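Survey of secondary and tertiary structure
These are the residues of each chain, in order.
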Amino acid sequence: MSTITEAKHSLPTGTWNVDPVHSQIGFAVEYVVGTFRGSFSPLDAKLAVGEDGTTKLVGSVPVAGVRVQDENLSAHLQSPEFFDAERTPDISFSATEVRRSGDEIAIAGDLTIKGTTHPIEANGTITDPADDPYGGVRFGLKLETTIDRTQFGLNWNNPLPNGKPSLANDVKLAAELYLVKE
Amino acid sequence: MKVLGISGSLRGGSHNTKLLRAAAEFLPPYVEFELWDGLKAVPPYDEDDDIDPAPAAVAHLRAAIAGADAVLFATPEYNSSIPGQLKNALDWASRPIATNVLRNKPVVVVGASAGAFGAVWAQGELRKVLTAIGARVVDAEVAVGHADERFSDDGALADEDLRDQLRETVDMLVEETHLRVAAAA
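Quick notes on the rules
Residues numbered from 1 in each chain as written. Chains lettered and ligands numbered in written order. Predicted model: local features only at pLDDT ≥ 70, side-chain atom pairs only at ≥ 80, totals over all residues. Heavy atoms only, no water. 1 Å grid on protein atoms, 1.4 Å probe; cavity = no way out; pocket = protein on both sides within 12 Å on 5 of 7 lines; lining within 4 Å. Points joined across faces, edges and corners; volume = space filled by probe spheres on them. Helix = DSSP H or I, 4+ residues; strand = E, 2+ residues; numbered from the N terminus. Pairing = 2+ DSSP bridges. Buried < 20%, exposed > 50% of the residue type's maximum accessible area, 1.4 Å probe, protein only. Contact = heavy atoms within 4.5 Å. Polar contact = N/O pair within 3.5 Å; in protein donor to acceptor, adjacent residues only side chain to side chain. Axes fitted to C-alpha atoms, helices over the stretch in contact; angles between N-to-C directions. Parallel < 35°, antiparallel > 145°, perpendicular 65-115°, else oblique. Nonpolar A, V, L, I, M, F, W, Y, C, P; charged D, E, K, R; others polar.

Here we look at empty space enclosed by the protein
All names here are of chain B. In total, this model carries 1 cavity of 30 Å³ or more according to the counting rule given. One number sums up the size of the largest cavity: a volume of about 30 Å³. Taken together, Ile-6, Trp-36, Leu-61, Ile-65, Phe-73, Leu-86, Ala-89 and Leu-90 make up the lining of the largest cavity. At the level of elements, helix 2 (56–66) and helix 3 (84–93) are the ones that each hand at least two residues to the lining of the largest cavity. At 3 residues, helix 3 tops the list of elements feeding residues into the lining of the largest cavity.

This is the structure we're talking about:
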């Protein structure tokens, strides 16, 4: 006898807060001859899903929480010529549409970096809620998207000897979210 | 609010030092202006000497910048770039990199030269250096060319158009500084 499982199309109902210890936003950007990676944390995010399926997801992360492997690079990233952490201390996101089909998910929304907002769409996967070792219930979201950093005023570059830019404009973002039921 | 003036020129009759004094005239009355006079005493940068306590002239420079809310630079142009001693002083000021006294500090660059172009290339170089150091570089330029003919005997900037540009530039620096001071309050 075969079992037919209907694909889920909505998120788990309830209010869910991001677990800041295990969640992060990773970034990857081509630099000179390879891929440079880092991350932002701690995340602050809240997801609210009503019984009728209405979904609200907002999140932010401090620019000062950029994680790279050198304090001088971190300081450069926070300086006025890069993220300008003093004047625009947070990167934020607010979802406008969430579509789910089984364990696949797409989230559209407005991303704000350095005070500039642009619509983005991120795609990824979602897990079912599970009991965690801390007495709570949580589910996972993995989301990826690619943005053009220059759209957000992140224009820093340093030309290579051949005249080409050392840092690419396209930046891959990968969010790993653990969402814990309130 | 306090603004520090740093001239890249050392000589007594410097056009750039005159330009700083002329710029200071446009600061609002509540702003204290200090013309830094320690450039000549700054030793050549040597990482072996970049220890605590710093050389006295360097400590003075760092304290002067740290104690100011904004810095107004005036630079001459030597061989299409900034004077070596100014760059040397900035190299000292830029250390330690992550926490240096110029980080996020509103700064603006103006310049004067005896030639026609008013040190525009040196100004560009200085903006590049200050940006790399992490300062908040105000997007303005005042190029005083033929500087021999632009100042009256009492040191005032005699050209009305240049005076207007200088006033506007000083206003932009003060506005940026207000934004920073207000945000920190």
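Let's pick the thread back up.
Focus on the pairing of strand 2 (residues 24–31) of chain A
Residue and element names in this part refer to chain A. Note that strand 2 and strand 12 (residues 167–181) share 7 bridges and pair antiparallel. Counterpart to Gln-24 in the pairing with strand 12 is Glu-176. Where strand 2 and strand 3 (residues 34–40) come together, 7 bridges link them in antiparallel fashion. The residue bridging Glu-30 from the neighbouring strand is Thr-35, located in strand 3. Two successive antiparallel strands, strand 2 and strand 3, enclose a turn made up of 2 residues, where Val-32 displays a positive phi of approximately 60 degrees.

A closer look at the pairing of strand 2 (residues 32–35) of chain B
Taken together, the 4 bridges between strand 1 (residues 2–7) of chain B and strand 2 of chain B define a ladder with parallel strand orientation. Paired with Lys2(B) across the bridge in strand 2 of chain B is Glu32(B).

Structural notes on helix 1 (residues 15–24) of chain B
Residues and elements named next belong to chain B. In terms of burial, helix 1 is largely enclosed, as 8 of its 10 residues are buried. Inspection of helix 1 places His-15, Asn-16, Thr-17, Leu-19, Leu-20, Ala-22, Ala-23 and Ala-24 among the buried residues, and these make up the whole buried set. Contacts made by the buried residues of helix 1 are with strand 1, strand 2, strand 3 (70–75), strand 4 (106–112), strand 6 (143–144) and helix 5 (160–184). For helix 1, the side-chain oxygen to backbone nitrogen distance between the N-cap and Asn-16 is 3.1 Å, and the N-cap itself is Ser-14.

Some points on the packing of helix 2 of chain B against helix 3 of chain B
Residue and element names in this part refer to chain B. As a packed pair, helix 2 and helix 3 sit with axes 10 Å apart at the nearest point and diverge in direction by 75 degrees. With respect to each other, helix 2 and helix 3 are oriented roughly perpendicular. Every residue of helix 3 that contacts helix 2 at Val-58, Leu-61, Arg-62 and Ile-65 is listed here: Ala-89, Trp-92 and Ala-93. For the contact of helix 2 with helix 3, the residue count by class is 6 nonpolar, no polar and 1 charged.

Some details on unusual backbone geometry
Put simply, Asp52(B) and Pro53(B) share a cis peptide bond, and its omega is 5 degrees. With respect to the secondary-structure elements, Pro53(B) resides in the loop between strand 2 and helix 2. The omega torsion of the bond from Arg95(B) to Pro96(B) falls at -10 degrees, within 30 degrees of zero and hence cis. Mapping Pro96(B) onto the fold places it in the loop between helix 3 and strand 4. Its identity is not glycine, yet Val32(A) carries a phi of approximately 60 degrees, on the positive side.

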